[in-house]
Protein chains: 2
Amino acid sequence: MSIFKELNLKYPIFQGAMANISDAKLAAAVSNAGGLGIIACGSMDKELLKEQIKMCKKLTDKPFGINLMLMSPYVSDLVDLVIEEKIRLVTTGAGNPGPYMGKLKAAGIIVVPLVPSVALAKRVVRSGADAVVVEGTEAGGHIGELTTMALVPQVVDAVDVEVIAAGGIADGRGVAAAFALGASGIQAGTAFLVTKECGVHDNYKKAIIKAKDTSTTVTGRGTAAPVRVLKNKMAKEYNRIIKEGIDLIRLEYLTLDSLKKAARDGDMENGSLMSGQISGMITEEVSCAELIEKMFSEFKTVVKNLGKNHG
Amino acid sequence: MSIFKELNLKYPIFQGAMANISDAKLAAAVSNAGGLGIIACGSMDKELLKEQIKMCKKLTDKPFGINLMLMSPYVSDLVDLVIEEKIRLVTTGAGNPGPYMGKLKAAGIIVVPLVPSVALAKRVVRSGADAVVVEGTEAGGHIGELTTMALVPQVVDAVDVEVIAAGGIADGRGVAAAFALGASGIQAGTAFLVTKECGVHDNYKKAIIKAKDTSTTVTGRGTAAPVRVLKNKMAKEYNRIIKEGIDLIRLEYLTLDSLKKAARDGDMENGSLMSGQISGMITEEVSCAELIEKMFSEFKTVVKNLGKNHG
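Definitions and limits used
Residues numbered from 1 in each chain as written. Chains lettered and ligands numbered in written order. Predicted model: local features only at pLDDT ≥ 70, side-chain atom pairs only at ≥ 80, totals over all residues. Heavy atoms only, no water. Buried < 20%, exposed > 50% of the residue type's maximum accessible area, 1.4 Å probe, protein only. Helix = DSSP H or I, 4+ residues; strand = E, 2+ residues; numbered from the N terminus. Pairing = 2+ DSSP bridges. Right-handed = clockwise from strand over helix to strand, strands pointing away. Axes fitted to C-alpha atoms, helices over the stretch in contact; angles between N-to-C directions. Left-handed = near helix turned anticlockwise from the far one by under 90°. Contact = heavy atoms within 4.5 Å. Nonpolar A, V, L, I, M, F, W, Y, C, P; charged D, E, K, R; others polar. Least-squares fit on C-alpha atoms with pLDDT ≥ 70 in both.

**Student:** Sorry, what's going on with the pairing of strand 8 (residues 162–166) of chain A here?
**Tutor:** Each regular strand carries side chains that alternate between the two faces of the sheet. Residues and elements named next belong to chain A. In terms of burial, strand 8 is a largely internal element, five of the five residues being buried. A two-sided burial pattern is seen for strand 8, the buried positions comprising E162, I164 and A166 on one face and V163 and A165 on the other. Pairing of strand 6 (residues 131–135) with strand 8 involves five bridges; the strand directions are parallel. Opposite V132, over in strand 8, you have V163 as the bridge partner. With three bridges connecting them, strand 8 and strand 9 (residues 185–188) associate as parallel partners. Paired with A165 across the strands is I186, a residue of strand 9. What joins strand 8 to strand 9 is helix 8 (residues 172–180), and the crossover it makes is right-handed.

Here is the structure:
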């Protein structure tokens, strides 16, 4: 059975987990709008996440998901928490969720790891993943090398679970393209960042609205953790330091709280403004419901026109 | 009028220009199969191209195109030649074809520049381009930064000419995705490289057939001419030299004839094995006709299924 049906979602869309951004309020708004809201744990400890889950349950009676960042020191505690809280779906990032799979699956939780390659997709499916999110390098934040267009069909051919496409999807055309490539659903991040229910600083939203197609760059390309951000002073400085030979202490100092600087303080110079290549397609702030409704009505139109012109 | 109709093509597909690879024989085979074959001039002089055009005209009575590499020292002569030879369509790469536009258009030639960004797309359309090829970073050979998924809709929204999508397209799913994103046609390179009519060395074709999703890398990322190739000794050495600080003389020495080494000699260690991220999807050598027929029959199936499931 499709996980979208299992969760009884009106629309096959996940809201991508963005650390320090995807909180209870955003997740609840997405779930109320018919998609699946997802709270990003980032580096939250058990207490902090518990608060967020409590808040989200107050704001929606629909299912929502939790994203576990596998490099977090609290991940084991958080796994226990999502089981206690009867969360329906967990996405995972930054690694192989293998060690927690047994526990999560035994509790009946749907586990959907994010994968950047065919090899990792196969590995997580072997260890029990119910679906995979395949994220292209056009996405904002932490990225892999392969693009959505190239990676989605290769993963679809390699595994027998549902594939959710992420990266480069801002409207109904992107949704249709993802389904054409073989995806069963999509995940959007940047598009949800510029919604009324998203709590990031207005400067951050305005920077994305102002951005064009070439406004993003990748910090740390060639290191273990490349990140797509809007070009700014921080990104330039980061890549200058890397070019001089990676100096981990200076990089740590530079990126210390850089996400919070962007999201909470609206510091457009020193903040890490994670954002995808579709930033140029985002022209206004809308509600989550408006975004999703428009995306999927446009999707239907695109499919109809494809059938009319090429059926 | 659609340029595909104007050329009376059976299928809206261009064969991408690959220097030292896309010759008269390959172009004629693609044109005979219902697409548009394109001869890549690379660094050919007028005499060499004249021979190629003569050969191509012998092999097909269908229209074919010429790709002008704008950094070639012979480009002005080649422009005169394509006019003399009454070539129907010219694609251009590596720059702005502005200076030659007037002459080409006056001769009734359809001009289709390859663009990596919205800004360049707008500029070439202002100077008279009839359509644009939008190529994503997943493509083989010389690449830009933006992916097909992110770039195609942004260019479609920005210009009022037809957009041809390139990069990441190996089968009917990719064709359908490209059309969903707003393209009017597609261009494929890597897929045509592994065809019976393509004259590259067997080792090169076998390397692509053996490749998986993660088998490509980019040489010269961050320089003026990043190139996507299959990972090998040459690519590793190239990027090692760049990391040490770019030494143009050593790079020149390293890449001297590297394309020819790959295409003609089948040197898998020192050759530049340009190839796209869809290399992992190519599993056998077929004829150009088989490739195109399969691609577009699969395209129809994908469109039909989209309509059935989401119409």
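That was the structure; now back to the text.
**Student:** Would you mind going over the packing of helix 6 (residues 118–126) of chain A against helix 7 (residues 148–158) of chain A with me for this structure?
**Tutor:** Packed helix pairs are specified by the crossing angle of their axes together with the interaxial distance, meaning the distance between the axes. Residues and elements named next belong to chain A. At a minimum axis separation of 9 Å, helix 6 and helix 7 run at an interaxial angle of 35°. Of the two possible hands of crossing, helix 6 and helix 7 adopt the one that is right-handed. Packed against helix 6, whose contacting residues are V118, A121 and K122, the element helix 7 presents L151, Q154, V155 and A158 at the interface. Taken together, the residues that form the contact of helix 6 with helix 7 break down as five nonpolar, one polar and one charged.

**Student:** In this structure, what is going on with the relation of the copies chain B and chain A? I would like to understand it.
**Tutor:** The pair of chain copies shares a relation made of a rotation about an axis and a shift along it. The two copies are related by a screw operation: chain B maps onto chain A through 180° of rotation and 0.0 Å of translation along the axis, at an RMSD of 0.0 Å. The superposition operator between the copies reduces to a two-fold rotation axis. Across chain B, the rotation axis passes nearest the C-alpha of A177 of chain B, at a separation of 1.9 Å. Mapped onto chain A, 100% of the interface residues of chain B are again interface residues, and the two copies thus contact each other with one and the same surface.

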